[in-house]
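These are the residues of each chain, in order.
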Amino acid sequence: MNKEYDFIITGQGLAGSLLAWFLLQAGKRVLVIDPQLENTCSRIAAGMIHPITGRRIVKSWNADVFIPFAKATYKDIEDKLAEKFFEDYPVFEIYHDIGHRNDWAGRSASEGMSEYVKDECDATSAPKGSKAPFGGRWVVNGGWLDTRRFLDTIQRYLQGKNSFHKGILNYEEVKFGKEFITWGEYKASKIIDCSGVNAISHPLFNHLPFKPCKGELLQIESDGLPKDCILHGNVKVIPLGGYQYICGATYDFNTIDEIPTQEGKEKLRAALEKIIAPAYRITGHFASIRPSTLDRRPLLKQHKDQPLLYIFNGLGSKGVMMGPWMASLLSAHLVYGEELDVGC
Ligand SMILES: Cc1cc2nc3c(=O)[nH]c(=O)nc-3n(C[C@H](O)[C@H](O)[C@H](O)COP(=O)(O)OP(=O)(O)OC[C@H]3O[C@@H](n4cnc5c(N)ncnc54)[C@H](O)[C@@H]3O)c2cc1C
(Lines give C-alpha, C1' and ligand atoms only; values in the text may rest on other atoms or scores of the structure.)
Protein backbone atom coordinates (compact mmCIF):
# COMPACT_ATOMS: atom_id res chain seq x y z
CA MET A 1 0.00 0.00 0.00
CA ASN A 2 1.52 3.35 -1.05
CA LYS A 3 1.69 6.32 1.31
CA GLU A 4 -0.06 9.08 -0.64
CA TYR A 5 0.92 12.74 -0.81
CA ASP A 6 -0.03 15.67 -3.01
CA PHE A 7 3.59 16.75 -3.39
CA ILE A 8 7.02 15.25 -2.88
CA ILE A 9 9.79 17.81 -2.44
CA THR A 10 13.41 16.78 -2.98
CA GLY A 11 15.67 18.75 -0.62
CA GLN A 12 15.09 20.74 2.54
CA GLY A 13 17.24 23.81 1.96
CA LEU A 14 15.66 27.26 1.90
CA ALA A 15 13.78 26.46 -1.33
CA GLY A 16 12.30 23.15 -0.19
CA SER A 17 11.54 24.40 3.34
CA LEU A 18 9.70 27.49 2.15
CA LEU A 19 7.77 25.66 -0.54
CA ALA A 20 6.74 22.96 1.94
CA TRP A 21 5.58 25.65 4.36
CA PHE A 22 3.29 27.33 1.81
CA LEU A 23 1.89 24.04 0.53
CA LEU A 24 1.15 22.83 4.06
CA GLN A 25 -0.50 26.16 4.91
CA ALA A 26 -2.74 25.58 1.87
CA GLY A 27 -3.80 22.25 3.39
CA LYS A 28 -1.80 20.00 1.05
CA ARG A 29 -0.13 16.71 1.96
CA VAL A 30 3.62 17.13 1.54
CA LEU A 31 6.63 14.85 1.89
CA VAL A 32 10.10 16.39 2.00
CA ILE A 33 13.10 14.14 1.39
CA ASP A 34 16.52 15.29 2.59
CA PRO A 35 19.67 13.51 3.82
CA GLN A 36 20.24 16.07 6.66
CA LEU A 37 23.82 16.93 5.68
CA GLU A 38 25.70 19.51 7.75
CA ASN A 39 27.37 21.88 5.30
CA THR A 40 24.69 22.50 2.69
CA CYS A 41 24.43 25.89 1.05
CA SER A 42 21.41 26.98 3.12
CA ARG A 43 22.97 25.77 6.36
CA ILE A 44 26.20 27.68 6.00
CA ALA A 45 24.72 30.79 4.30
CA ALA A 46 25.50 34.12 5.94
CA GLY A 47 21.73 34.65 5.92
CA MET A 48 21.65 38.35 5.15
CA ILE A 49 18.96 40.30 3.34
CA HIS A 50 20.61 43.38 1.88
CA PRO A 51 18.42 45.82 -0.07
CA ILE A 52 21.41 47.43 -1.84
CA THR A 53 23.64 45.47 -4.14
CA GLY A 54 27.09 45.49 -5.71
CA ARG A 55 29.65 48.04 -6.65
CA ARG A 56 27.08 50.10 -8.53
CA ILE A 57 25.16 50.70 -5.28
CA VAL A 58 21.69 49.98 -6.69
CA LYS A 59 18.56 48.52 -5.18
CA SER A 60 18.49 44.71 -5.37
CA TRP A 61 16.21 43.29 -8.07
CA ASN A 62 12.57 43.63 -6.91
CA ALA A 63 13.69 44.54 -3.38
CA ASP A 64 10.49 46.50 -2.72
CA VAL A 65 8.45 43.34 -3.34
CA PHE A 66 10.76 40.57 -2.11
CA ILE A 67 11.94 42.13 1.17
CA PRO A 68 8.62 42.97 2.84
CA PHE A 69 7.24 39.61 1.73
CA ALA A 70 10.28 37.72 3.03
CA LYS A 71 10.23 39.46 6.40
CA ALA A 72 6.49 38.93 6.79
CA THR A 73 6.92 35.23 5.94
CA TYR A 74 9.75 34.61 8.42
CA LYS A 75 7.85 36.51 11.13
CA ASP A 76 4.67 34.57 10.41
CA ILE A 77 6.58 31.26 10.72
CA GLU A 78 8.21 32.49 13.94
CA ASP A 79 4.80 33.35 15.39
CA LYS A 80 3.10 30.14 14.31
CA LEU A 81 5.93 27.86 15.46
CA ALA A 82 6.94 29.91 18.53
CA GLU A 83 10.59 30.20 17.47
CA LYS A 84 12.95 33.09 16.78
CA PHE A 85 15.29 33.08 13.79
CA PHE A 86 14.97 36.47 12.08
CA GLU A 87 16.55 39.77 13.17
CA ASP A 88 15.98 43.24 11.71
CA TYR A 89 19.64 44.23 11.98
CA PRO A 90 20.65 47.51 10.30
CA VAL A 91 23.80 47.42 8.15
CA PHE A 92 26.67 49.84 8.53
CA GLU A 93 28.22 50.30 5.07
CA ILE A 94 31.88 51.18 5.51
CA TYR A 95 33.32 53.50 2.86
CA HIS A 96 36.56 52.27 1.26
CA ASP A 97 37.76 55.77 0.37
CA ILE A 98 36.54 59.24 -0.57
CA GLY A 99 35.47 58.10 -4.06
CA HIS A 100 33.31 55.39 -2.50
CA ARG A 101 31.76 57.94 -0.13
CA ASN A 102 30.94 60.19 -3.08
CA ASP A 103 29.41 57.24 -4.96
CA TRP A 104 27.16 56.46 -2.00
CA ALA A 105 26.18 60.12 -1.67
CA GLY A 106 25.23 60.25 -5.37
CA ARG A 107 23.39 56.92 -5.44
CA SER A 108 21.55 57.58 -2.18
CA ALA A 109 19.71 60.46 -3.79
CA SER A 110 18.26 58.16 -6.52
CA GLU A 111 14.55 57.46 -6.55
CA GLY A 112 13.34 54.80 -4.13
CA MET A 113 16.58 54.63 -2.11
CA SER A 114 15.41 56.72 0.85
CA GLU A 115 13.45 53.83 2.33
CA TYR A 116 16.70 51.89 2.74
CA VAL A 117 19.62 54.32 2.79
CA LYS A 118 19.78 56.48 5.89
CA ASP A 119 22.24 58.68 7.75
CA GLU A 120 25.92 59.05 7.05
CA CYS A 121 28.43 58.78 9.92
CA ASP A 122 31.97 60.05 10.14
CA ALA A 123 34.83 57.98 11.59
CA THR A 124 34.13 59.17 15.14
CA SER A 125 30.49 58.03 15.22
CA ALA A 126 30.92 54.67 13.43
CA PRO A 127 29.82 51.56 15.43
CA LYS A 128 32.22 50.31 18.09
CA GLY A 129 34.88 47.95 16.85
CA SER A 130 34.58 49.07 13.22
CA LYS A 131 37.48 50.61 11.30
CA ALA A 132 35.92 53.32 9.16
CA PRO A 133 38.44 56.12 8.52
CA PHE A 134 36.26 57.51 5.70
CA GLY A 135 33.01 57.00 7.61
CA GLY A 136 30.04 55.04 6.43
CA ARG A 137 26.29 55.00 6.04
CA TRP A 138 23.38 53.16 7.63
CA VAL A 139 21.19 50.91 5.51
CA VAL A 140 17.92 49.67 7.01
CA ASN A 141 14.98 47.42 6.15
CA GLY A 142 17.11 44.35 5.42
CA GLY A 143 17.82 41.79 8.11
CA TRP A 144 19.37 38.47 9.03
CA LEU A 145 18.00 34.95 9.00
CA ASP A 146 19.62 32.39 11.27
CA THR A 147 19.37 29.79 8.52
CA ARG A 148 20.35 26.79 10.66
CA ARG A 149 17.75 27.58 13.26
CA PHE A 150 15.17 28.23 10.54
CA LEU A 151 15.90 24.91 8.80
CA ASP A 152 15.87 22.99 12.10
CA THR A 153 12.54 24.59 13.03
CA ILE A 154 10.97 23.67 9.70
CA GLN A 155 12.39 20.16 9.95
CA ARG A 156 10.77 19.61 13.35
CA TYR A 157 7.50 20.98 11.99
CA LEU A 158 7.67 18.58 9.04
CA GLN A 159 8.54 15.64 11.26
CA GLY A 160 5.55 16.45 13.48
CA LYS A 161 3.30 16.21 10.44
CA ASN A 162 4.81 12.98 9.08
CA SER A 163 6.08 15.10 6.21
CA PHE A 164 9.79 14.34 6.42
CA HIS A 165 11.83 11.41 5.14
CA LYS A 166 15.57 11.30 5.81
CA GLY A 167 17.26 10.06 2.65
CA ILE A 168 18.37 10.79 -0.89
CA LEU A 169 15.94 10.61 -3.77
CA ASN A 170 17.45 8.96 -6.80
CA TYR A 171 15.43 9.82 -9.92
CA GLU A 172 16.24 6.46 -11.49
CA GLU A 173 14.00 4.94 -8.82
CA VAL A 174 11.10 7.31 -9.55
CA LYS A 175 8.31 5.96 -11.74
CA PHE A 176 6.54 8.68 -13.71
CA GLY A 177 2.94 7.82 -14.59
CA LYS A 178 0.29 9.98 -16.24
CA GLU A 179 -1.30 11.22 -13.02
CA PHE A 180 1.06 10.06 -10.29
CA ILE A 181 4.68 9.49 -9.57
CA THR A 182 5.83 6.75 -7.24
CA TRP A 183 9.08 6.39 -5.34
CA GLY A 184 9.38 3.28 -3.21
CA GLU A 185 6.43 3.23 -0.83
CA TYR A 186 5.46 6.83 -1.66
CA LYS A 187 3.02 8.11 -4.25
CA ALA A 188 2.33 11.76 -5.16
CA SER A 189 0.64 13.90 -7.79
CA LYS A 190 3.75 15.96 -8.41
CA ILE A 191 7.40 16.09 -7.46
CA ILE A 192 9.34 19.32 -7.04
CA ASP A 193 13.12 19.26 -7.14
CA CYS A 194 14.69 21.70 -4.65
CA SER A 195 18.07 19.98 -4.55
CA GLY A 196 20.22 23.11 -4.95
CA VAL A 197 23.56 22.60 -6.61
CA ASN A 198 22.96 18.85 -6.97
CA ALA A 199 20.49 19.55 -9.79
CA ILE A 200 23.27 20.98 -11.92
CA SER A 201 24.82 17.66 -12.81
CA HIS A 202 21.51 15.85 -13.06
CA PRO A 203 20.50 14.53 -16.54
CA LEU A 204 16.94 15.84 -16.07
CA PHE A 205 18.10 19.37 -15.37
CA ASN A 206 21.52 19.84 -16.90
CA HIS A 207 20.03 21.78 -19.84
CA LEU A 208 19.21 24.67 -17.46
CA PRO A 209 21.46 27.78 -17.35
CA PHE A 210 23.25 27.16 -14.04
CA LYS A 211 26.41 29.04 -13.11
CA PRO A 212 27.40 27.68 -9.68
CA CYS A 213 29.48 29.84 -7.39
CA LYS A 214 31.58 28.60 -4.49
CA GLY A 215 31.60 30.70 -1.33
CA GLU A 216 33.65 30.54 1.87
CA LEU A 217 32.91 32.01 5.29
CA LEU A 218 34.75 32.36 8.59
CA GLN A 219 33.19 32.20 12.01
CA ILE A 220 35.07 34.38 14.47
CA GLU A 221 34.97 35.18 18.16
CA SER A 222 35.64 38.68 19.45
CA ASP A 223 34.49 40.71 22.44
CA GLY A 224 34.90 44.12 20.78
CA LEU A 225 32.33 44.03 17.99
CA PRO A 226 28.74 45.33 17.83
CA LYS A 227 25.97 42.88 18.76
CA ASP A 228 23.05 44.64 17.10
CA CYS A 229 24.15 45.58 13.59
CA ILE A 230 25.99 44.17 10.58
CA LEU A 231 29.28 45.70 9.44
CA HIS A 232 29.81 45.65 5.68
CA GLY A 233 32.92 46.46 3.69
CA ASN A 234 34.26 43.94 1.19
CA VAL A 235 32.93 41.34 3.65
CA LYS A 236 30.08 41.41 6.11
CA VAL A 237 30.41 40.77 9.85
CA ILE A 238 27.16 39.46 11.31
CA PRO A 239 26.51 38.91 15.04
CA LEU A 240 25.50 35.33 15.81
CA GLY A 241 24.93 35.86 19.54
CA GLY A 242 27.43 35.74 22.40
CA TYR A 243 30.83 36.76 21.04
CA GLN A 244 30.45 34.82 17.78
CA TYR A 245 30.27 36.46 14.33
CA ILE A 246 30.00 35.15 10.81
CA CYS A 247 32.24 36.81 8.27
CA GLY A 248 32.02 36.38 4.51
CA ALA A 249 31.83 35.65 1.81
CA THR A 250 34.08 34.82 -1.15
CA TYR A 251 32.82 34.30 -4.73
CA ASP A 252 34.56 31.72 -6.93
CA PHE A 253 33.00 30.62 -10.22
CA ASN A 254 35.90 28.33 -11.17
CA THR A 255 36.02 25.75 -8.38
CA ILE A 256 33.03 23.56 -7.67
CA ASP A 257 33.73 21.84 -4.40
CA GLU A 258 32.84 22.34 -0.75
CA ILE A 259 36.38 22.43 0.59
CA PRO A 260 37.48 25.44 2.68
CA THR A 261 40.83 26.72 1.38
CA GLN A 262 43.80 28.58 2.81
CA GLU A 263 43.42 31.11 -0.01
CA GLY A 264 39.77 31.73 0.93
CA LYS A 265 40.73 32.15 4.56
CA GLU A 266 43.47 34.68 3.75
CA LYS A 267 41.13 36.68 1.48
CA LEU A 268 38.50 36.85 4.20
CA ARG A 269 41.03 37.77 6.89
CA ALA A 270 42.47 40.56 4.73
CA ALA A 271 39.00 42.00 4.03
CA LEU A 272 37.98 41.59 7.68
CA GLU A 273 41.06 43.34 9.04
CA LYS A 274 40.29 46.38 6.87
CA ILE A 275 36.96 46.94 8.63
CA ILE A 276 37.35 45.70 12.21
CA ALA A 277 39.72 46.90 14.92
CA PRO A 278 39.59 44.38 17.80
CA ALA A 279 41.47 41.11 18.10
CA TYR A 280 39.55 37.99 17.05
CA ARG A 281 39.90 34.23 16.95
CA ILE A 282 38.74 32.03 14.06
CA THR A 283 36.26 29.44 15.37
CA GLY A 284 35.01 28.00 12.08
CA HIS A 285 35.68 27.94 8.32
CA PHE A 286 33.00 26.77 5.88
CA ALA A 287 32.50 26.43 2.13
CA SER A 288 29.56 25.57 -0.07
CA ILE A 289 28.20 26.20 -3.56
CA ARG A 290 25.54 28.76 -4.41
CA PRO A 291 23.07 27.44 -7.01
CA SER A 292 23.38 30.52 -9.23
CA THR A 293 22.23 30.99 -12.82
CA LEU A 294 23.71 32.80 -15.81
CA ASP A 295 21.19 35.66 -15.64
CA ARG A 296 21.01 35.58 -11.81
CA ARG A 297 17.31 34.82 -11.94
CA PRO A 298 15.68 31.91 -10.10
CA LEU A 299 14.39 28.82 -11.86
CA LEU A 300 10.74 27.88 -11.28
CA LYS A 301 9.85 25.50 -14.05
CA GLN A 302 7.79 22.53 -15.04
CA HIS A 303 9.96 19.89 -16.73
CA LYS A 304 9.57 20.00 -20.49
CA ASP A 305 9.19 16.21 -20.89
CA GLN A 306 7.82 15.24 -17.45
CA PRO A 307 4.81 17.44 -16.58
CA LEU A 308 4.60 16.01 -13.06
CA LEU A 309 8.14 17.19 -12.32
CA TYR A 310 9.03 20.77 -11.35
CA ILE A 311 12.22 22.52 -10.32
CA PHE A 312 12.65 25.35 -7.82
CA ASN A 313 16.27 26.43 -7.89
CA GLY A 314 18.66 29.22 -8.91
CA LEU A 315 18.33 31.23 -5.69
CA GLY A 316 22.03 32.13 -6.11
CA SER A 317 23.32 34.50 -3.45
CA LYS A 318 19.89 35.85 -2.50
CA GLY A 319 17.94 32.84 -1.29
CA VAL A 320 16.90 34.46 1.98
CA MET A 321 15.39 37.46 0.23
CA MET A 322 13.91 35.83 -2.90
CA GLY A 323 13.03 32.40 -1.47
CA PRO A 324 9.72 33.27 0.23
CA TRP A 325 8.26 35.15 -2.75
CA MET A 326 9.34 32.48 -5.24
CA ALA A 327 8.05 29.65 -3.03
CA SER A 328 4.68 31.39 -2.66
CA LEU A 329 4.44 31.85 -6.46
CA LEU A 330 5.18 28.19 -7.08
CA SER A 331 2.77 27.12 -4.35
CA ALA A 332 -0.01 29.29 -5.86
CA HIS A 333 0.67 27.66 -9.22
CA LEU A 334 0.65 24.13 -7.82
CA VAL A 335 -2.40 24.63 -5.62
CA TYR A 336 -4.56 27.09 -7.58
CA GLY A 337 -3.15 26.82 -11.10
CA GLU A 338 -1.89 30.42 -11.09
CA GLU A 339 0.53 31.37 -13.82
CA LEU A 340 4.24 30.92 -13.19
CA ASP A 341 5.93 34.09 -14.34
CA VAL A 342 9.20 35.09 -12.72
CA GLY A 343 11.00 36.41 -15.74
CA CYS A 344 13.14 33.36 -16.44
C1 LIG B 1 29.16 31.15 1.54
C2 LIG B 1 27.73 31.47 1.24
C3 LIG B 1 27.14 32.60 1.79
C4 LIG B 1 25.81 32.91 1.49
N5 LIG B 1 25.25 34.02 2.06
C6 LIG B 1 23.98 34.35 1.76
C7 LIG B 1 23.36 35.49 2.33
O8 LIG B 1 23.96 36.22 3.15
N9 LIG B 1 22.08 35.78 1.98
C10 LIG B 1 21.38 35.00 1.10
O11 LIG B 1 20.23 35.30 0.79
N12 LIG B 1 21.95 33.91 0.54
C13 LIG B 1 23.22 33.56 0.84
N14 LIG B 1 23.79 32.47 0.28
C15 LIG B 1 23.03 31.76 -0.75
C16 LIG B 1 21.99 30.83 -0.14
O17 LIG B 1 22.65 29.96 0.72
C18 LIG B 1 21.27 30.08 -1.28
O19 LIG B 1 20.56 31.01 -2.07
C20 LIG B 1 20.28 29.07 -0.74
O21 LIG B 1 20.79 28.39 0.36
C22 LIG B 1 19.90 28.05 -1.80
O23 LIG B 1 18.95 27.18 -1.21
P24 LIG B 1 18.48 25.84 -1.92
O25 LIG B 1 17.41 25.29 -1.06
O26 LIG B 1 18.15 26.11 -3.35
O27 LIG B 1 19.75 24.89 -1.95
P28 LIG B 1 20.47 24.04 -0.78
O29 LIG B 1 20.63 24.82 0.43
O30 LIG B 1 21.68 23.45 -1.41
O31 LIG B 1 19.44 22.88 -0.45
C32 LIG B 1 19.32 21.72 -1.22
C33 LIG B 1 18.98 20.56 -0.29
O34 LIG B 1 18.67 19.42 -1.09
C35 LIG B 1 19.30 18.29 -0.55
N36 LIG B 1 19.45 17.34 -1.65
C37 LIG B 1 20.26 17.42 -2.73
N38 LIG B 1 20.06 16.35 -3.55
C39 LIG B 1 19.09 15.59 -2.96
C40 LIG B 1 18.45 14.37 -3.32
N41 LIG B 1 18.75 13.73 -4.45
N42 LIG B 1 17.51 13.85 -2.47
C43 LIG B 1 17.19 14.50 -1.33
N44 LIG B 1 17.76 15.67 -0.96
C45 LIG B 1 18.71 16.22 -1.77
C46 LIG B 1 20.62 18.84 -0.01
O47 LIG B 1 21.19 17.95 0.94
C48 LIG B 1 20.14 20.16 0.61
O49 LIG B 1 19.69 19.98 1.94
C50 LIG B 1 25.09 32.10 0.59
C51 LIG B 1 25.67 30.96 0.07
C52 LIG B 1 26.99 30.63 0.38
C53 LIG B 1 27.61 29.38 -0.18
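Summary of the structure given here. (Residues numbered from 1 in each chain as written. Predicted model: local features only at pLDDT ≥ 70, side-chain atom pairs only at ≥ 80, totals over all residues. Heavy atoms only, no water.)

As a further point, take the packing of helix α3 (residues 63–81) against helix α7 (residues 319–336). It is at 8 Å that the axes of α3 and α7 come closest, and there the two elements cross at 85°. For the element pair α3 / α7, the angle class is roughly perpendicular. Together, V65, F66, I67, F69, A70, T73 and Y74 of α3 and G319, V320, M321, M322, P324, W325, M326 and S328 of α7 make up the contact between the two elements. For the contact of α3 with α7, a count of residues per class yields 12 nonpolar, 3 polar and no charged. (Axes fitted to C-alpha atoms, helices over the stretch in contact; angles between N-to-C directions. Helix = DSSP H or I, 4+ residues; strand = E, 2+ residues; numbered from the N terminus. Parallel < 35°, antiparallel > 145°, perpendicular 65-115°, else oblique. Contact = heavy atoms within 4.5 Å. Nonpolar A, V, L, I, M, F, W, Y, C, P; charged D, E, K, R; others polar.)

In globular proteins that are soluble, nonpolar side chains generally tend to be buried together. I9, L19, Y74, F150, I192 and F312 are the most contacted members of the largest nonpolar core, which has 64 residues in total. Counting contributing residues, this core receives three or more from each of domain 1 (1–89 + 142–208 + 294–344) and domain 2 (92–137 + 213–290). In contact with I192, other than residues within four places in its own chain, are F7, I8, I9, T10, L19, Y310, F312, L330 and L334. In this structure, A188, L204, L208 and L299 belong to the second largest nonpolar core, which totals 21 residues. (Core = buried A, V, L, I, M, F, W, Y, C linked by side-chain atoms within 4.5 Å. Buried < 20%, exposed > 50% of the residue type's maximum accessible area, 1.4 Å probe, protein only. Domains from an automatic or database assignment.)

This part covers the site of the ligand. The environment of the ligand is formed by 36 residues, the closest being D34, S42, L169, G316 and V320. One of the backbone N or O atoms of G316 is found 2.7 Å from an oxygen atom in the ligand. At 3.1 Å, a backbone N or O of S317 approaches a nitrogen atom of the ligand. For the ligand, the accessible surface in isolation is 1,000 Å², of which the surrounding protein chains cover 95%. Secondary-structure elements contributing two or more residues to the shell around the ligand are α1 (14–25), β2 (30–34), α2 (41–44), β15 (213–221), β19 (281–290) and α7. (Near = heavy atom within 4 Å. Polar contact = N/O pair within 3.5 Å; in protein donor to acceptor, adjacent residues only side chain to side chain. Areas by Shrake-Rupley, 256 points an atom, 1.4 Å probe, with all protein chains shown as cover.)

Interpretation note: all reported values are geometric properties and have no functional meaning in isolation.
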